[in-house]
Each structure stands twice: as structure tokens, then as C-alpha cells.
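So you can see what is in the structure, the chains are spelled out below.
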Amino acid sequence: QVQLVESGGGLVQPGGSLRLSCAGSGSIFSINVMGWYRQAPGKQRELVASMANGGTTNYADSVKGRFTISRENAKNTVYLQMNSLKPEDTAVYYCNANIRWRPGISPTDYWGQGTQVTVSS
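Residues numbered from 1 in each chain as written. Predicted model: local features only at pLDDT ≥ 70, side-chain atom pairs only at ≥ 80, totals over all residues. Heavy atoms only, no water.

**Overview of the pattern of salt bridges**
- In this structure the tally under the stated criterion is 5 salt bridges.
- The closest approach of N and O atoms between R38 and E46, which form a salt bridge, is 2.7 Å.
- A residue is classified by how much of its surface remains accessible, and R38, at 7% relative accessible area, is buried.
- For E72, the salt bridge is made with K75, and the minimal N-O distance between the two is 3.7 Å.
- Overall, E72 belongs to the partly exposed group, its relative accessible area being 31%. (Salt bridge = Lys/Arg side-chain N within 4 Å of Asp/Glu carboxyl O. Buried < 20%, exposed > 50% of the residue type's maximum accessible area, 1.4 Å probe, protein only.)

Structural data, given as C-alpha cells:
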């Protein structure tokens, strides 16, 4: 059984910062891509940032220059440092990981439970 547990959401004023963490636990052999998605009320879930095992990153245009994704592979953990937050960043943020739980099988996507980020004065 694999679990992704997120932490670090909350309420912050515009221009402020938050750091999200997501730790994977359970039967994990390897993780390919780890990333963060978000879903605002009435909108579709969208990719915020992702990082492959080799370090290649991908960011949504709306967060480039403000958000930074990083990983600690030994801890199966991914982080999202969010700076210069704007009200439009308000959403539930979900961790995603493409996990192979044993050698020789295709990887499976897993999701965290989501953490609320609210940017408001």
C-alpha cells in the first residue's frame, strides 16, 4: 500500500510564501515523476509543477519565477516553495507521484489527499 501525505497549506496574505511537502510511504521501489497539481472552485485540476527523477522540471506559466519544486529522493519527498503568492493561487493543492512498487511492472499514479492554500488579505 502506497500513501502520499501532504502538509504545509494554510492562509497567507498576498505577496507571502508557503512551502508544501509531500512524503511517500509504503511499498515504493522507485518514483519517476513527482509533482503538484491544484484545483480551484469551479475549475479543472491543473499541473503546477513537476520534477522527474533525473531532475528535469516543468512549471505552469502562471507560476514560473515564483514557485520552485524540489525533491529528496532518499525520503520519497517532494516540496513546493511558493513565493509572491497571489489570490489567484488559492486552490486545493494535490501531490502526485508516478510510483513503481516493485521491479518490472508499469508505474502507477498516486495522489495525496490535498491541502488547502488560501491567499487573501
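**Considering the sheet that holds strand β8 (residues 77-82)**
- Here we have 4 strands laid out as an open sheet, ordered β1-β3-β8-β7, and antiparallel in their pairing. What marks the edges here is a single partner per strand, and that holds for β1 (2-7) and β7 (67-72). Ignoring strand direction, the axes of neighbouring strands in this sheet form an average angle of 15 degrees.
- As paired strands, strand β3 (residues 18-26) and β8 are joined by 6 bridges and run antiparallel to one another. (Pairing = 2+ DSSP bridges. Helix = DSSP H or I, 4+ residues; strand = E, 2+ residues; numbered from the N terminus. Axes fitted to C-alpha atoms, helices over the stretch in contact; angles between N-to-C directions.)

**Examining the state of the cysteines**
- Summed over all chains, the structure comprises 1 disulfide.
- Across the disulfide, C22 is cross-linked to C95 (sulfur-sulfur distance 2.1 Å). The disulfide joining C22 to C95 has a torsion of about -80 degrees about its S-S bond and is therefore left-handed. With a gap of 73 residues between them, C22 in strand β3 and C95 in strand β9 (residues 91-100) connect regions that are remote in the sequence. Each member of the pair, C22 as well as C95, carries the same accessibility label: buried. (Disulfide = S-S within 2.5 Å.)

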